[in-house]
Structure formats: C-alpha cells, structure tokens
Amino acid sequence: MRTALTIAGSDSSGGAGIQADLKTMSGFGVYGMSVITAVTAQNTLGITRIRQIEPEMIEAQIDSVFTDIYPDSVKLGMLGDKEAVAAAARKLKEYGAGNVVLDPVMASTSGSRLLEKEAIEIMKEELLPLADLVTPNLPEAEALTGMKIRTREEMEQAAGILGKFCPGVLIKGGHMAGGPSPCAQAEDVLYTHGKHLWFSAPFLVTSNTHGTGCTLSSAIASCLALGYSLEESVKLGKQYLTAALSSCLNLGRGNGPLRHFAFTPPQS
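Residues numbered from 1 in each chain as written. Predicted model: local features only at pLDDT ≥ 70, side-chain atom pairs only at ≥ 80, totals over all residues. Heavy atoms only, no water.

Caption draft 1: Representation of a nonpolar patch on the surface. Together, Met1, Tyr31 and Ile69 line one region of the surface with nonpolar side chains, adding up to about 340 Å² of accessible area. Relative to the elements of secondary structure, isoleucine 69 occurs in the loop between α2 (55-66) and β4 (73-76). (Patch = residues over 30% accessible without salt bridge, like charges linked within 9 Å, V, L, I, M, F, W, Y side chains within 5 Å. Areas by Shrake-Rupley, 256 points an atom, 1.4 Å probe, with all protein chains shown as cover. Salt bridge = Lys/Arg side-chain N within 4 Å of Asp/Glu carboxyl O. Helix = DSSP H or I, 4+ residues; strand = E, 2+ residues; numbered from the N terminus.)

Rendered as structure tokens:
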C-alpha cells in the first residue's frame, strides 16, 4: 500500500489541516500519516486560538514516521513559525524525502494569520528547494515573490520566479476568478521544466470552501505517492477538488467544509 505523510496543523472542526489531509489521502486509497505542527481551536466561523507545537516535538514525530513507515510522498501545510519551518526542512533533508508538496499556508479561509512573516524567507531558502511542488494561492504567491499578481501574465512571471527555488510551481487563480468581476473559470498555472501549463475548472459560487488548499495539495501528494506524474497529479487533484466543492455539503454557519469522498479516483 502506498503511503503519504502530512505535516500540518490540526483543525478541531475537521474541515482543513491534518483532518482534511487524511480524509483526502483515504479518498485516494493511500495510507495517511501525520505530524502535527499546531493545534487550533476553530470551526467554520474562524479560529479562536492557536497553540504551536515545539520544534523538538515536530522533529520527533517526523523521526517516528520516517524510521518505521517511510512515506511515498509528503505534504506540508500550516507550519506556523520559523522554528517549525526550519525543523521540517532539517528532517526532510536528513531523510531524503521525495514527492514533497508544499502548501505555503499563510492565512485561513476566515482570514486568521497562520504563518509568521519572519518565517517566509526561511521557507524560501530552506524548504522550497526540498519540495517537488509548491502550491501558493495568489496572496501567498505575492508574499513569496514580493510582486502584485493581477493577470495571467503576472501569474506566469511569479511562477517563473518561484521556479528558481522549486522545480514545480502551481499558482492557484481562484482569488482572481472570485474577485470584483467573477469569472466563469478558475485558472491555475503549473510551471515546471521551464514551461507553463494552464488548468481550468468551473468557478463554483459556494460558501463551502473551508480547507480547499489543504485538500488540493493532499490530493496531489496522494497521486504522486501512487506513481502519477506531476502533471497528471495536478489534473487529478483539481478534479477531486471540483467534485468535493460541488457536492453541496452544508455544515456550520460559516465557510463550510468539503465533501472529501465525493470523487472516485481512477485505479493507478
């Protein structure tokens, strides 16, 4: 059985973070394992409290996984602070982790900050070079590149900048599609091997968007663990996310969660 590890924060409402990652991995028939970097008190209305896990404990969790059930892929989500970023980077380098997908989580759907500003440069310098793919949304891509992104051309330019640090870059354009003038299509750009490849999906007008970034990155990591190419993994990941978004799971009074078992992935 193929295995995947998620290194991320816990969501007490089950819609994002570790919980969304493990549901997604199970949806692809992959055995999911977890390293918890932070514990959050949150629900669909927002986050009320965050407790960061000390870096020594993060490292100990990673040691426990890699020395027993070596993962076929690794997904990184909420890390929280520079110490956690550095700890994850040290251990992934030590164990030579492969098929690493980095979701540079900086803020929650409800707007809570989930990554210290001081951690961004450390992420670029120490963690991005260890990743096979980084999956920022537009605000995250702007923070990582220092540029404003308003057009497809600027998305490609930003992807090229990040491509100097990481061999694969997927910039998600959902914020652009859902902006002041909503578009019919949400478009993401994948930059790898010096080429840009665009992926389009219907832009779904829904309040059930809690955990979308976590879900997509975990889906891609699951597909990489199953042996799909990077392009195939992104394509399948987006199909999975579209199905999870469009399945009308209405829970909570805010940004509701996704239906993580709405998509039947193909047999690899």
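Caption draft 2: View of the state of the cysteines. Evaluated as defined, the whole model comprises zero disulfides. Note on cysteine 214: no disulfide assigned, nearest cysteine sulfur contributed by cysteine 223 at a separation of 16 Å. Residue classification places cysteine 214 among the buried positions, given a relative accessible area of 14%. With relative accessibility at 0%, the residue cysteine 223 sits in the buried group. (Disulfide = S-S within 2.5 Å. Buried < 20%, exposed > 50% of the residue type's maximum accessible area, 1.4 Å probe, protein only.)

Caption draft 3: Examining the packing of α2 against helix α3 (residues 82-95) more closely. The N-to-C vectors of α2 and α3 enclose an angle of 25 degrees; their axes lie 9 Å apart at closest approach. On the basis of the axis angle, α2 is roughly parallel to α3. The hand of the α2/α3 crossing is right-handed. Along its contact with α2, which presents Pro55, Ile58, Glu59, Ile62, Asp63 and Phe66, the element α3 presents Glu83, Ala84, Ala87, Ala88, Arg90, Lys91, Leu92 and Tyr95. (Axes fitted to C-alpha atoms, helices over the stretch in contact; angles between N-to-C directions. Parallel < 35°, antiparallel > 145°, perpendicular 65-115°, else oblique. Left-handed = near helix turned anticlockwise from the far one by under 90°. Contact = heavy atoms within 4.5 Å.)

Caption draft 4: Up close: helix α8 (residues 212-225). Its 14 residues place the ends of α8 20 Å apart at the C-alpha level, agreeing with the 20 Å of an ideal helix rising 1.5 Å per residue. Positive backbone phi, approximately 100 degrees, marks glycine 227, located one or two places after α8. (Expected span 1.5 Å × (residues − 1).)

Caption draft 5: Focus on the pattern of salt bridges. The final tally for this structure, using the stated rule, is eight salt bridges. For lysine 91, the salt bridge is made with glutamate 94, and the minimal N-O distance between the two is 3.0 Å. Highlighted residues: lysine 91 and glutamate 94, both in helix α3, separated by three residues, approximately one helical turn. By relative accessible area, lysine 91 is classed as buried at 10%. Here lysine 124 ties to glutamate 121 by a salt bridge, and the two come within 3.7 Å at their closest N and O atoms. Here lysine 124 and its partner glutamate 121 are both found in helix α4 (residues 119-127), three residues apart, which amounts to about one turn of the helix. Members of the salt-bridge network, linked through shared partners, are Asp63, Lys91 and Glu94.

Caption draft 6: Region of interest: unusual backbone geometry. Not every positive phi belongs to a glycine, and asparagine 99 is a case in point at roughly 50 degrees. Residue position: asparagine 99 is located in the loop between α3 and β5 (100-102). Despite not being glycine, histidine 193 shows a phi value in the positive range, around 55 degrees. Mapped onto the secondary structure, histidine 193 falls in the loop between β8 (185-192) and β9 (195-202).

Caption draft 7: Just the pairing of strand β7 (residues 168-172), in detail. β7 sits mainly inside the fold: five of its five residues count as buried. Side chains of β7 alternate between two faces, with Gly168, Leu170 and Lys172 and Val169 and Ile171 buried alike. Pairing between β7 and β8: five bridges, direction antiparallel. Bridge assignment links leucine 170 to a residue of β8, and that residue is leucine 190. (Pairing = 2+ DSSP bridges.)

Caption draft 8: Seen up close, the packing of aromatic side chains. Tallying each qualifying case throughout the model produces five aromatic pairs. Taken together, a centroid distance of 5.0 Å and an interplanar angle of 35 degrees make the contact between phenylalanine 28 and tyrosine 240 tilted. Placement of the pair is phenylalanine 28 in the loop between α1 (17-27) and β2 (31-43) and tyrosine 240 in helix α9 (residues 230-245), with a sequence separation of 212 residues. When the ring of phenylalanine 66 is compared with that of tyrosine 95, the centres are 5.0 Å apart and the planes differ by 10 degrees; the resulting orientation is stacked. Linking phenylalanine 66 in helix α2 with tyrosine 95 in helix α3, this pair joins segments that are 29 residues apart in sequence. Under the relative-accessibility criterion, phenylalanine 66 is labelled buried at 5%. Taken together, the ring pairs connect Phe28, Tyr240 and Phe263 into an aromatic cluster. (Phe/Tyr/Trp six-rings, centres within 6.5 Å; stacked < 30°, edge-to-face > 60°.)

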